[in-house]
Amino acid sequence: MKQIKIIIILLVGVYSNSTAQVHFTKNGSVSFFSSTAMEDIKADNNQVISIINTATGALQFSLLNNAFHFKKALMEEHFNDDYIESSKYPKSAFVSSITNANAVNFSTDGNYNVIVSGKLSIHGV
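This is a predicted model, so every value here is computed, not measured.

Draft legend 1. Quick look at the side chain of Asn100. Relative to the helices and strands, Asn100 is located in the loop between strand S6 (91–98) and strand S7 (116–121). There is a polar contact of 2.8 Å between the side chain of Asn100 and the backbone nitrogen of Ile115. If near-sequence neighbours (up to four positions away) are discounted, Asn100 is found in contact with Asn113, Val114 and Ile115.

Draft legend 2. Up close: the nonpolar core. Formed by 13 residues in total, the largest nonpolar core has its most connected members in Val30, Phe32, Phe61, Leu63, Phe68, Phe70 and Phe79. The biggest single contributor to this core is strand S3 (residues 40–53), with three residues. With residues up to four places along the chain from it excluded, the contact list for Phe68 reads Val30, Phe32, Ala43, Asp44, Asn45, Leu63, Glu76 and Phe79.

Draft legend 3. Representation of the packing of aromatic side chains within the structure. A complete count under the given rule lists six aromatic pairs for this structure. Residues Phe68 and Phe79 carry aromatic rings whose centres are separated by 5.6 Å and whose planes lie at 70° to one another, so their mutual orientation is edge-to-face. Of this pair, Phe68 sits in the loop between strand S4 (58–64) and strand S5 (69–70) while Phe79 sits in helix H1 (residues 73–83), and the two are eleven residues apart along the sequence. Phe68 gets classed as buried once you look at its relative accessible area, which sits at 5%. Its relative accessible area of 8% is what places Phe79 among the buried residues. Taken together, the aromatic side chains of Phe32, Phe68, Phe70 and Phe79 make up a single cluster linked through ring pairs.

Draft legend 4. Up close: unusual backbone geometry. Of note in this structure, Glu85 is not a glycine but carries a positive phi near 50°. Mapped onto the elements, Glu85 comes out in the loop between H1 and S6. The exposure class assigned to Glu85 is partly exposed, which follows from its relative accessible area of 27%. The residue His123 is not glycine, and still its phi comes out positive at about 60°.

Draft legend 5. Examining the pattern of salt bridges more closely. Summed over all chains, the structure comprises two salt bridges. Notably, a salt bridge pairs Glu39 with Lys72, separated by 2.8 Å at the nearest N-O pair. A residue pair is termed long-range when its members are at least 10 positions apart, and Glu39 in the loop between strand S2 (22–35) and S3 and Lys72 in the loop between S5 and H1 qualify at 33 residues. The exposure class assigned to Glu39 is partly exposed, which follows from its relative accessible area of 33%. Here Asp44 ties to Lys42 by a salt bridge, and the two come within 2.8 Å at their closest N and O atoms.

Draft legend 6. Fine view of a nonpolar patch on the surface. On the surface, a cluster of nonpolar side chains totalling about 330 Å² of accessible area is made up of Val22, Phe24, Ile49 and Ile51. Mapped onto the nonpolar patch, the elements with two or more residues apiece are S2 and S3.

Parameters at a glance
Residues numbered from 1 in each chain as written. Predicted model: local features only at pLDDT ≥ 70, side-chain atom pairs only at ≥ 80, totals over all residues. Heavy atoms only, no water. Helix = DSSP H or I, 4+ residues; strand = E, 2+ residues; numbered from the N terminus. Polar contact = N/O pair within 3.5 Å; in protein donor to acceptor, adjacent residues only side chain to side chain. Contact = heavy atoms within 4.5 Å. Core = buried A, V, L, I, M, F, W, Y, C linked by side-chain atoms within 4.5 Å. Buried < 20%, exposed > 50% of the residue type's maximum accessible area, 1.4 Å probe, protein only. Phe/Tyr/Trp six-rings, centres within 6.5 Å; stacked < 30°, edge-to-face > 60°. Salt bridge = Lys/Arg side-chain N within 4 Å of Asp/Glu carboxyl O. Patch = residues over 30% accessible without salt bridge, like charges linked within 9 Å, V, L, I, M, F, W, Y side chains within 5 Å. Areas by Shrake-Rupley, 256 points an atom, 1.4 Å probe, with all protein chains shown as cover.

What follows is the structure in structure tokens.
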């Protein structure tokens with residue numbers, strides 16, 4: 001798994017009141033993909049809790065490691081038992097901030113290129 005490329009996709013389904021600058025979702029999504037000579041490895045987790053503060057650009061998400069789903073059940077079993085050790089390390093988290101939050105108009109739907117800096121915690125590291 002040396003060549004794992006992690007692709008993080010946060011789908012923001014935002015729930016908030018109209019005056020709040022903090023938005024959250026319980027339906028975020030995180031995926032990862034690894035291309036190997038034998039086969040590609042891809043998993044999706046659609047049970048991600050994410051919070052963003054539009055005033056400061058602070059962004060966080062948390063997920064249960066055993067909520068990743070793979071195309072093959074054996075891959076999922078190996079991931080949970082041998083690699084991520086979901087019983088020992090049940091959660092992963094990302095605590096960060098959008099460094100160019102001023103480039104985003106949070107009141108208008110759209111796609112925005114942002115730079116995010118933070119700490120990703122996986123497998124206790």
